[in-house]
Amino acid sequence: MLLAVIGFCLSCSRQGANHSPNVQSIGDSIPFYFNISTDAEFSIEDRCRAVNRLYFHLKKKERDTIYGHILYQKNVLHLSLKEYDSLSFYNDRLIDYASRNGDVFNLARQYYLMGYYFSVITQDYERAFQNYTSSKSYYEQIKDWNWVGINLLNMGTIQKDFNDYFGSKETL
């Protein structure tokens, strides 16, 4: 009996234990890494590592429903890090994926994100307006009226800034 207890205690030691999941065993860790990638309490580097781990694990499994959310999160982080070339690359990947799979929610979010990028970062207001319009249309499809209103407000602001007061009034 004493030998069984000692054997049990030794087998439960933490020596050599690796409690951080690796890419091969990520299946149970997808929510774990996704939550890290969206949690502002973590450093931007940790968030990028988490989303990249998810992306590289799931990029061959595009049918997984979380894949569009991971691509969107990569885009948010690339925008935050001012990695605009990567933002453009993964924007195209997300639009292609979401269009093929009918992922209206992520299309709406991505077009809004790109509207913000074109409006605030590049100040290409025509493209910003186009992206906000697309985002509004997708949010209308999922009946998210709050985001429809936010997009309309951004579109009206762009029109106002270009002295299109009548268009702005009609938009708002």
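This report concerns the structure included in the present document. The numbers attached to residues start from 1 for each chain and follow its sequence in the written order. With pLDDT at 70 or above as the cut-off, local features in this predicted model cover only qualifying residues; side-chain atom pairs require 80 or more to be listed or tallied, and sums for whole chains, interfaces and linings still use all residues. Hydrogen atoms and water are omitted, and side-chain values are computed over all heavy atoms in the structure.

### Here we look at the overall build of the protein chain
Runs of H or I in DSSP of at least four residues are treated as helices and runs of E of at least two as strands, each being numbered from the N terminus. For the protein chain, the helix and strand inventory stands at nine helices and zero strands. Starting at the N terminus and ending at the C terminus, the protein chain contains elements arranged as α-α-α-α-α-α-α-α-α. Exposure categories follow from relative accessible area, calculated using a 1.4 Å probe and restricted to protein chains: below 20% of the type maximum is buried, above 50% is exposed, and the middle band is partly exposed. Taking all 172 residues of the protein chain together, the buried fraction comes to 38%. The contact criterion used is simple: two residues touch if any of their non-hydrogen atoms lie within 4.5 Å. Restricting the contact set of the protein chain to residue pairs at least 6 apart, pairs at least 24 apart contribute 45%. Residue exposure ignores everything except the shown protein chains as possible cover, and the areas themselves are Shrake-Rupley values with a 1.4 Å probe. Of the roughly 10,600 Å² of accessible surface on the protein chain, 54% is carried by carbon and sulfur atoms.

### Notes on the packing of helix 2 (residues 30-38) against helix 3 (residues 44-58)
Relative orientation and spacing of two packed helices are given, respectively, by the angle between their axes and the distance between those axes. A fitted line through C-alpha atoms serves as each axis, taken over the contacting stretch for helices, and the angle formed by two N-to-C directions is quoted from 0 to 180°. As a packed pair, helix 2 and helix 3 sit with axes 7 Å apart at the nearest point and diverge in direction by 140°. By the angle between their axes, helix 2 is oblique relative to helix 3. Handedness of the helix 2/helix 3 crossing: left-handed. Touching Ile30, Tyr33, Phe34, Ile36, Ser37 and Thr38 of helix 2 are Asp46, Arg47, Ala50, Val51, Arg53, Leu54 and Leu58, all from helix 3. Classification used: nonpolar for Ala, Val, Leu, Ile, Met, Phe, Trp, Tyr, Cys and Pro, charged for Asp, Glu, Lys and Arg, polar for all others including Gly. Within the contact of helix 2 with helix 3, the residues separate by chemical class into eight nonpolar, two polar and three charged. Angle categories: roughly parallel below 35 degrees, roughly antiparallel above 145, roughly perpendicular from 65 to 115, and oblique for all the rest. Less than a right angle of anticlockwise turn of the near helix away from the far helix marks a crossing as left-handed, whereas a clockwise turn marks it as right-handed.

### Some details on helix 8 (residues 145-161)
Multiplying 1.5 Å by the residue count of a helix minus one yields the expected span of that helix. Helix length check: helix 8 (17 residues) gives 24 Å between terminal C-alpha atoms against 24 Å at 1.5 Å per residue, within 8%. Backbone geometry just downstream of helix 8 places asparagine 163 in the positive-phi region, at approximately 60°.

### Re unusual backbone geometry
The phi dihedral of glutamine 123 is positive, around 55°, even though this residue is not glycine. The topology assignment puts glutamine 123 in the loop between helix 6 (104-121) and helix 7 (125-141). The phi dihedral of lysine 143 is positive, around 60°, even though this residue is not glycine. Structurally, the position occupied by lysine 143 is in the loop between helix 7 and helix 8.

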